[in-house]
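# Structure at a glance
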Amino acid sequence: VSTHRNHLLKTVFSCHPKTGKICVPIFDVENSDKFDPDSVPNLVELSEEINVSLESRIKNEEDESLPNKKQKIENYKRTSLKPYIEQFEQIFLKGLYKDIKEKFKKIAVQKQEKAAIVGDW
C-alpha cells in the first residue's frame, strides 16, 4: 500500500481501492522497518492462485489413479495470504478468544454466587 502514515489502511485484510493490495498485519514490530509494502498479496495474484488451485483440484478429481479426496480446504490456505491469516489467528485472535472465554467464566461464577446467596437455583 504505502509507508506514509496518513495513507495507511487501518483495517486488516482490507483491499486498497487503486492498487488492489491487501492490508496485512505486521506483528514483528522490531523489524517493521524492513517491511516491504510491495511484497503483500494483491487481488489479482490471489485470484490467480485460487484459479490455479481449482484447476489442479479438477484435474486431480478426473485422474482415476488418485484416491478420491473430498476434503474441503479453505481457499485462503491455497494463497499467499495464508501466512498472514495464520499469524493473525495465532497472535491476535487466539489471545482475544482466551480473554473472552475467561470473562464469560467470571460472569458465570458471579451469577452462581449470586444465585447461592439469594437461593435462586
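Keep in mind that what you see is a predicted model, and the values were worked out from it rather than measured.

## What about the environment of Pro-41?
- Here Pro-41 lies in the segment before helix H1 (43–62).
- Pro-41 sits in the buried class, given a relative accessible area of 1%.
- Placed 19 residues apart in sequence, Pro-41 and Ile-22 show a C-alpha to C-alpha distance of 5.9 Å.
- Not counting residues within four places of it along the chain, the set of residues in contact with Pro-41 comprises Gly-20, Lys-21, Ile-22, Val-24, Leu-46, Ser-80, Leu-81 and Tyr-84.

## Notes on a nonpolar patch on the surface
- On the surface, Phe-92, Leu-96, Tyr-97, Ile-100, Phe-104 and Ile-107 cluster together into a nonpolar patch covering about 600 Å² of accessible area.
- Inspection of the secondary structure puts Phe-104 in helix H2 (residues 82–118).
- Here Phe-104 falls in the exposed class, since its relative accessible area comes to 57%.

## Looking at the pattern of salt bridges
- By the definition in use, this model includes two salt bridges.
- Between Lys-21 and Asp-38 there is a salt bridge, with the nearest N and O atoms lying 2.6 Å from each other. Separated by 17 residues along the polypeptide, Lys-21 in the segment before H1 and Asp-38 in the segment before H1 bring together distant segments of the chain.
- Lys-82 is paired through a salt bridge with Glu-86; the nearest N and O atoms lie 3.9 Å apart. One end of the pair, Lys-82, and the other, Glu-86, are both in helix H2, four residues apart, so they sit about a helical turn from each other.

## Section: the packing of aromatic side chains
- As enumerated under the stated definition, the model contains two aromatic pairs in all.
- Joined through ring pairs, the aromatic side chains of Phe-13, Phe-88 and Phe-92 make up one cluster.

## Let's talk about unusual backbone geometry
- In this model, Phe-13 sits at a positive phi of 70 degrees, which is unusual for a non-glycine residue.
- Along the chain, the position of Phe-13 falls in the segment before H1.

Conventions we followed
Residues numbered from 1 in each chain as written. Predicted model: local features only at pLDDT ≥ 70, side-chain atom pairs only at ≥ 80, totals over all residues. Heavy atoms only, no water. Helix = DSSP H or I, 4+ residues; strand = E, 2+ residues; numbered from the N terminus. Buried < 20%, exposed > 50% of the residue type's maximum accessible area, 1.4 Å probe, protein only. Contact = heavy atoms within 4.5 Å. Patch = residues over 30% accessible without salt bridge, like charges linked within 9 Å, V, L, I, M, F, W, Y side chains within 5 Å. Areas by Shrake-Rupley, 256 points an atom, 1.4 Å probe, with all protein chains shown as cover. Salt bridge = Lys/Arg side-chain N within 4 Å of Asp/Glu carboxyl O. Phe/Tyr/Trp six-rings, centres within 6.5 Å; stacked < 30°, edge-to-face > 60°.

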